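Architecture and fold: a report
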There are 2 protein chains.
Amino acid sequence: MKDINQFTITQAVKDSFRTEEGSRFEQLLHGLIEHLHDYTREHQLTHEEWMRVLMFLYDCGKISTPERHEFILLSDVLGFSALVDMINSKGGATEGSNLGPFYLDDAPRKALGADLSDGRDGVTVLVRGKVTDNLHNPLPGAIVDTWQADASGTYPIQEQAQGQDKMDLRGVFEADETGRYWYTTVLPKPYTVPYDGPVGELLRAGNRHAWRPAHLHYIVRAPRMASITTEVFFENMEYIDNDAVFGVRKSLIAKLRPVKKGEDLGVTTDKKPEAVVDFDFILAPEG
Amino acid sequence: MKDINQFTITQAVKDSFRTEEGSRFEQLLHGLIEHLHDYTREHQLTHEEWMRVLMFLYDCGKISTPERHEFILLSDVLGFSALVDMINSKGGATEGSNLGPFYLDDAPRKALGADLSDGRDGVTVLVRGKVTDNLHNPLPGAIVDTWQADASGTYPIQEQAQGQDKMDLRGVFEADETGRYWYTTVLPKPYTVPYDGPVGELLRAGNRHAWRPAHLHYIVRAPRMASITTEVFFENMEYIDNDAVFGVRKSLIAKLRPVKKGEDLGVTTDKKPEAVVDFDFILAPEG
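Note that the structure is a prediction, hence the values are computed from the model and not measured. Residue positions within a chain follow its written sequence, with the count starting from 1. Labels are handed out in written order, letters beginning with A for the chains and numbers beginning with 1 for the ligands. In keeping with the model being predicted, local features are shown solely for residues with a pLDDT of at least 70 and side-chain atom pairs are shown and tallied solely at 80 or more, while totals for entire chains, interfaces and linings include all residues. Note that water and hydrogens are dropped before the side-chain values are worked out from all heavy atoms of the structure.

Digging into the sheet that holds strand E3 (residues 170-174) of chain B
Residues and elements named next belong to chain B. Read across the open sheet, the five strands follow the order E3-E2-E7-E8-E9; overall the sheet is mixed. Edge positions in the sheet fall to E3 and strand E9 (253-254), since each of these pairs with one other strand and no more. In the sheet, strand E2 (residues 143-148) pairs with E3 via five bridges, with the strands oriented antiparallel. Paired with Thr146 across the bridge in E3 is Gly171. Paired strands, as defined in this entry, are two strands with at least two bridges between them according to DSSP. Here a strand is any run of E in DSSP of at least two residues, a helix any run of H or I of at least four, and the numbering for each starts at the N terminus.

Okay, here's the thing in structure tokens:
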């Protein structure tokens, strides 16, 4: 190893890890070493630049908490998270998109037609659709787990100190015997990802904003089907073309339209909706 | 941007940063995005693997302090630091090697011939050599700034709580009018890089040890010459062929030999040496 130079060091580093040949760990580690070394060589990184990268990571570590994970945010704004979502979306199924930091796995079950707004101001929207497999067969009893921001772009979980209930604007619905789900809620607003840390500095250095278009979060699952984690966006809404975290896909954009006077919406709801969004989820088989 | 897929997202992310065209910042950022995205696509990273990487970085952040910088350590064990040293070594000059975490920029000036051991046990070694430019012209008054571990592989700065003086085993020497420097010290021993954190876990997962071969650290500078940060190792010593941080270069290995009975060492020293190491430093002009 003492004869290494800037071209042979990459193989030496790979060889230093005595991993199981052909294992996934070896592939991922070798690939990472190759890309990092190639990057360093191609750009002839100086010591100052190298230290800048390491101090950036250090600063990301310092600001991180279990609730504020700056490395996930970094991955988000560099499109790395979206790319992993894309790679792992199954053909024929609804495309995946960001999980985000606000999911809770114990949100309350609610009856179809319930209202999630918990008295919050805003436009009342009926969200409805069906859950099917990729051959259009309905999936009765499919679980539609949703969470969202309010009409000011805030998640109740962010405002617990101000007395909000973190379980507000969340619900877990079970699709009916025809695979249909429906509920009402308030129309969410755009909000920014946190930009008071090193990732915010990176965005400013690149003249980028921190806004996400308004969206609804979903995890949808059914027995023997691969679950999907995704988001639903609204046509023509602000930031739809430049989401700070690259979460928007064309197939995830729904049309928001006003309820027509006297319109039969075909479902019963606890609260009278002013607007409607239709969005169907398609799940592909597991494996 | 809403039409992006796993192949077009890379360009979309690059375009989202509105950087000065052709600037160094743009080049470094675009290069990093390309490599990270290529890596993700080539290896079809799953969500679990992606989260494992991000949690690893999170854990590195949590254990880091200004004195214990886990990201530098990560860079070291992946050969990234060594590669930056190699890339930035100037042709004709002494090769660069790791700065390490223990440098202090205010170590005491010492007279040529001084002993750095401060009463510590161990083999007393005379370290001597000359500092020249790359045309072999001596550089009188060149500064040789050195620091090292003791004969148990510990830096005094690590043992301040046990009453050690952090300035021990350090010294800043000024080369004489012929460019020569000399001093005595104790022969250092190998030691491990910290392996109680996430980087240690990575080493264990790859069946790697955490040892560095014994070495002396140097920063050498002279007016109008590019400074060098490097390390000097000892021929045939333990771990010389598998330094955990890839710091060893063939050109940085010195011969350690016993002082012969009645040998004229050509220099006066405060303490009588038992062994000698000769090592010359070559500086290249700045710029």
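Section: the nonpolar core
Counting residues in hydrophobic clusters, the biggest one holds 70 residues, and the most contacted among them are Ile9(A), Phe71(A), Ile9(B) and Phe71(B). Sequence-distant contacts of Phe71(A), defined by excluding residues within four places in its chain, comprise Leu57(A), Cys60(A), Gly61(A), Ser64(A), Leu54(B), Leu57(B), Tyr58(B) and Phe71(B). The criterion is simple. A nonpolar core is a set of buried Ala, Val, Leu, Ile, Met, Phe, Trp, Tyr and Cys residues joined through side-chain atoms within 4.5 Å. Buried, partly exposed and exposed residues are distinguished by accessible area as a fraction of the type maximum, computed with a 1.4 Å probe on protein chains only: under 20%, between the cut-offs, and over 50%, respectively. We call two residues in contact when some of their heavy atoms are within 4.5 Å.

A word on the interface of chain A and chain B
On the chain B side, the residues contacting the 76 residues of chain A number 76 residues. Each of two parts loses accessible area, computed with a 1.4 Å probe, when they are put together; buried area is these two losses added. Summed over both partners, the interface of chain A with chain B buries about 7200 Å², with 67% contributed by carbon and sulfur atoms. For this analysis, a salt bridge means a side-chain nitrogen from Lys or Arg found within 4 Å of a carboxyl oxygen belonging to Asp or Glu. Between chain A and chain B we count four salt bridges in total. Note that Glu49(A) and Arg24(B) form a salt bridge whose closest N and O atoms lie 2.6 Å from each other. Any N or O atom pair separated by 3.5 Å or less is treated as a polar contact, with the protein-specific requirement of one donor-capable and one acceptor-capable atom, and with residues adjacent in sequence counted only for side-chain atom pairs. On inspection of chain A and its partner chain B, the count reaches 29 residue pairs in polar contact (both at pLDDT 80 or more).

Let's talk about the environment of Phe71(A)
Residue and element names in this part refer to chain A. Within the secondary structure layout, Phe71 lies in helix H4 (residues 70-77). By relative accessible area, Phe71 is classed as buried at 1%. Residues Phe71 and Pro198, 127 residues apart in the sequence, show an inter-C-alpha distance of 9.9 Å.

Examining the domain arrangement of chain A
Just so you know, the domain bounds were taken from an automatic or database domain assignment. By domain assignment, chain A separates into domain 1 (1-44) and domain 2 (80-283). Between domain 1 of chain A and domain 2 of chain A, the C-alpha centre-to-centre distance is 42 Å.

Remarks on empty space enclosed by the protein
For each structure, a 1 Å grid was placed over the protein atoms alone; sets of points admitting a 1.4 Å probe that cannot get out are labelled cavities, open sets with protein on both sides within 12 Å along at least five of seven lines are labelled pockets, and lining residues have an atom within 4 Å of a point. Grid points are joined across faces, edges and corners, and a volume is the space filled by probe spheres set on the points. Within the structure shown, the criterion is met by one cavity of 30 Å³ or more. Quantified by volume, the largest cavity comes out at close to 60 Å³. Looking at the largest cavity, the residues that line it are Leu32(A), His35(A), Leu36(A), Tyr39(A), Leu32(B), His35(B), Leu36(B) and Tyr39(B). Of all the secondary-structure elements, those providing two or more residues to the lining of the largest cavity are helix H2 (24-42) of chain A together with helix H2 (24-43) of chain B. In this classification, the charged set is Asp, Glu, Lys and Arg, the nonpolar set is Ala, Val, Leu, Ile, Met, Phe, Trp, Tyr, Cys and Pro, and all remaining amino acids, among them Gly, are polar. Its residues placed into classes, the lining of the largest cavity shows six nonpolar, two polar and no charged.

Quick word on the pairing of strand E11 (residues 275-278) of chain A
Two faces make up the sheet, and in a regular strand the side chains alternate between them. In this structure, strand E1 (residues 124-133) of chain A lies alongside E11(A), joined through four bridges in parallel fashion. Bridge pairing in E11(A) places Leu126(A) opposite Val276(A).

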